[in-house]
Amino acid sequence: MKLYVVLSFNEDGMENVYVGPDEEKALSLKTEDFENCDALFVEIWEDGEKTDDYRLV
């Protein structure tokens, strides 16, 4: 099973803003959806191992 972890970054650090199996939801998130968010990154985990990560636009 794949899990998508979306991380929000700002000058104060980072925060998990979404963790779940819904790819469409994870990839639809934008920085405007969150207060004080400078960048969003997604990590893709499968069978307990991170298989990919990249910045969301």
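So, how was this worked out
- Numbers given for residues are sequential positions, taken from 1 along each chain in its written order.
- Under the rules for a predicted model, residues below a pLDDT of 70 receive no local features and side-chain atom pairs below 80 are neither given nor counted, while totals for whole chains, interfaces and linings still include all residues.
- Based on all heavy atoms of the structure, the side-chain values leave hydrogens and waters out of the count.
- Put simply, DSSP marks the helices as runs of H or I at least four residues long and the strands as runs of E at least two long, and each gets a number from the N terminus on.
- With a 1.4 Å probe rolled over the protein chains alone, any residue whose accessible area is under 20% of its type maximum counts as buried; one over 50% counts as exposed, and the rest are partly exposed.
- Whether two residues are in contact is decided by their heavy atoms: any pair within 4.5 Å suffices.
- We call a set of buried Ala, Val, Leu, Ile, Met, Phe, Trp, Tyr and Cys residues a nonpolar core when their side-chain atoms join them within 4.5 Å.
- DSSP-based pairing: two strands are paired if at least 2 bridges between them are found.
- Think of a polar contact as two N or O atoms within 3.5 Å of one another; within protein, one of them needs to be a possible hydrogen donor and the other a possible acceptor, and neighboring residues in sequence only count if both atoms come from side chains.

Remarks on the side chain of S8
Next up, step 1: Of note, S8 is situated in strand β1 (residues 2-10).
Next up, step 2: Residue classification places S8 among the buried residues on the basis of a relative accessible area of 5%.
Next up, step 3: With near-sequence residues (within four places) excluded, S8 lies in contact with G13, M14, E15, V17, C37, A39 and L40.

Quick look at the nonpolar core
Next up, step 1: By size, the foremost hydrophobic cluster in this structure holds 10 residues: Y4, V6, Y18, A26, L29, C37, L40, V42, I44 and L56.
Next up, step 2: Tallying contributions element by element places strand β3 (residues 39-46) first for this core, with 3 residues.
Next up, step 3: In this structure, V6 is in contact with E15, N16, V17, Y18, A26, L29, L40, F41, V42 and L56, ignoring residues within four places of it in sequence.

Some points on the pairing of β3
Next up, step 1: Judged from the 8 bridges that link them, β1 and β3 form a sheet pairing that is antiparallel. The partner of L7 across the bridge, within β3, is F41.
Next up, step 2: Both β3 and strand β4 (residues 49-56) contribute to a ladder of 7 bridges, which runs antiparallel. Looking across to β4, one finds that L40 is bridged to L56.

Thoughts on the side chain of E43
Next up, step 1: Along the chain, E43 turns up in strand β3.
Next up, step 2: Within the local environment of E43, its side chain forms a polar contact with the side chain of W45, the two groups lying 3.1 Å apart.
Next up, step 3: Contact partners of E43, with chain neighbours within four places excluded, come to L3, Y4, V5, L7, K50, D52 and D53.

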